[in-house]
Amino acid sequence: FRDKDAEEISTLHGRTILWQSYWDAYQRRPLLGYGYAIGARASSPIYNTNTHNAFWGIVLNCGAVGLAVFALFICRLLGWIRAKLRRGLAGAIGSAAFLVSGGINSMSLGFIGETWQSATFVFFCFLALACLHDMQSQTARGSRKVVGYIKMVSLAK
C-alpha cells in the first residue's frame, strides 16, 4: 500500500464510502432502480463512471426486479456448470474457472449489469464458448444414443 494513508486503506480507497451512498440511493428507488448504465452517475453526489462492483451495478441500475432476474440467471448458470462438472464434459473445468474468475473480477469492476466494456465482451465470449462446448457434448451424446438404438433394433431382427 505504497503512498496510501490509513483511511484510504480502511475504506478500500473510498469505495466503502461510495457504496454507502449507493445504498442510500437504492433505498430511494428500490424496485426498478435508476436505469441501465446510469445508476453510478445519477444516484450519488459522488460522480463515478461505474459502481466498481457488479452487485451494486445491478441493484442501482435495475433495482430489485433486475437483481431477481440476474440472481435467477446466476443460479441456473451455477447449476448448469455443476451438472457439466459431474458428467465430466469437455470444457467443464474451464467453464467453472471462467465463472469464478469473472465473478471475482466483477466485484472490483462492475462489467456485468452496467455499461458494456471490454471485460463484458470477454466474459460473454467465454460464456458463449461454454455453451458451444455444452451443445457439442449434447450432440455427441445424442448421436451415441441413436447409434445404440440402431444397434439394438438390428440385433432384435
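The rules behind each value
- Residues numbered from 1 in each chain as written.
- Predicted model: local features only at pLDDT ≥ 70, side-chain atom pairs only at ≥ 80, totals over all residues.
- Heavy atoms only, no water.
- Helix = DSSP H or I, 4+ residues; strand = E, 2+ residues; numbered from the N terminus.
- Buried < 20%, exposed > 50% of the residue type's maximum accessible area, 1.4 Å probe, protein only.
- Contact = heavy atoms within 4.5 Å.
- Areas by Shrake-Rupley, 256 points an atom, 1.4 Å probe, with all protein chains shown as cover.
- Expected span 1.5 Å × (residues − 1).
- Arc of directions from axis to C-beta.
- Core = buried A, V, L, I, M, F, W, Y, C linked by side-chain atoms within 4.5 Å.
- Phe/Tyr/Trp six-rings, centres within 6.5 Å; stacked < 30°, edge-to-face > 60°.
- Axes fitted to C-alpha atoms, helices over the stretch in contact; angles between N-to-C directions.
- Parallel < 35°, antiparallel > 145°, perpendicular 65-115°, else oblique.
- Left-handed = near helix turned anticlockwise from the far one by under 90°.
- Nonpolar A, V, L, I, M, F, W, Y, C, P; charged D, E, K, R; others polar.

A.B. asks: Could you clarify how one ought to interpret the overall build of the protein in this entry?
C.D. replies: Looking only at helices and strands, the protein has six helices and zero strands in total. When its helices and strands are written in sequence order, the protein yields α-α-α-α-α-α. Taken across its 157 residues, the protein has 32% of its residues classed as buried. If you take every contact in the protein between residues at least 6 apart in sequence, the share linking residues at least 24 apart comes to 62%. When the accessible surface of the protein is split by element, carbon and sulfur atoms take 68% of a total near 10,000 Å².

A.B. asks: I would appreciate a short explanation of helix H5 (residues 92-105) in the present structure.
C.D. replies: Counting along an α-helix, one turn takes 3.6 residues, and residues three or four places apart therefore face a common direction. Taking 1.5 Å as the rise per residue, H5 with 14 residues should run 20 Å; its terminal C-alpha atoms sit 20 Å apart, in good agreement. For H5, every residue scored as buried is listed here: Ala92, Ser95, Ala96, Phe98, Leu99 and Gly102. Considered in projection along H5, the buried side chains sweep an arc of 160° and stay on one side of the axis. With respect to the buried face of H5, the exposed residues turned more than 90 degrees away are Ile93, Val100 and Ile104.

A.B. asks: What is the right way to read the nonpolar core from this model?
C.D. replies: Counting residues in each nonpolar core, the largest one holds 13 residues, and the members touching the most others are Phe98, Phe111, Ile112 and Phe123. Excluding its chain neighbours within four sequence positions, the residues that come into contact with Ile112 are Ala54, Ile58, Phe70, Ser106 and Phe123. Listed in part, the ten residues of the second largest apolar core include Leu18, Trp19, Ala25 and Val59.

A.B. asks: For this particular structure, what's the right way to read the environment of Gly33?
C.D. replies: Note on placement: Gly33 falls in the loop between helix H2 (15-28) and helix H3 (39-42). The exposure class assigned to Gly33 is buried, which follows from its relative accessible area of 12%. Residues Gly33 and Ile58, spaced 25 residues apart in sequence, show a C-alpha to C-alpha distance of 8.6 Å. With residues near it in sequence (within four places) discarded, Gly33 still touches Val59, Leu60, Asn61, Cys62 and Gly63.

A.B. asks: What's the story with the packing of aromatic side chains in this structure? I'm lost.
C.D. replies: How two aromatic rings sit relative to each other is set out by the distance from centre to centre and by the angle between their planes. Taken as a whole, this structure holds seven aromatic pairs when the rule is applied. Arranged with centres 5.9 Å apart and planes meeting at 45°, the rings of Phe70 and Phe73 form a pair that is tilted. Placement of the pair is Phe70 and Phe73 together in helix H4 (residues 54-87), with a separation of three residues, close to one helical turn. Through pairs of rings, three or more aromatic residues link up here, namely Trp23, Tyr26, Phe55 and Trp56.

A.B. asks: What's the story with the packing of H4 against H5 in this structure? I'm lost.
C.D. replies: Helices that pack against each other are described as a pair by the angle of their axes relative to one another and the distance between those axes. Between H4 and H5, whose axes approach to 8 Å, the crossing angle comes to 150°. By the angle between their axes, H4 is roughly antiparallel relative to H5. Judged by the twist between their axes, the crossing of H4 over H5 is left-handed. Counted together, Leu77, Leu78, Ile81, Lys84 and Leu85 of H4 and Ala92, Ile93, Ser95, Ala96 and Leu99 of H5 form the full contact between these two elements.

A.B. asks: Looking at this model, I keep getting lost on the environment of Gln136. Mind explaining?
C.D. replies: For Gln136, the location among the structural elements is in helix H6 (residues 118-156). Residue classification places Gln136 among the exposed residues on the basis of a relative accessible area of 53%.

A.B. asks: For this particular structure, what's the right way to read the packing of H2 against H4?
C.D. replies: Two elements in contact, H2 and H4, have axes separated by 10 Å at closest approach and are oriented at 10°. The angle between H2 and H4 falls in the class roughly parallel. Mapping the contact onto sequence places Trp19, Tyr22, Trp23, Ala25 and Tyr26 in H2 and Trp56, Val59, Leu60 and Ala64 in H4. Its residues assigned to classes, the contact of H2 with H4 shows nine nonpolar, no polar and no charged.

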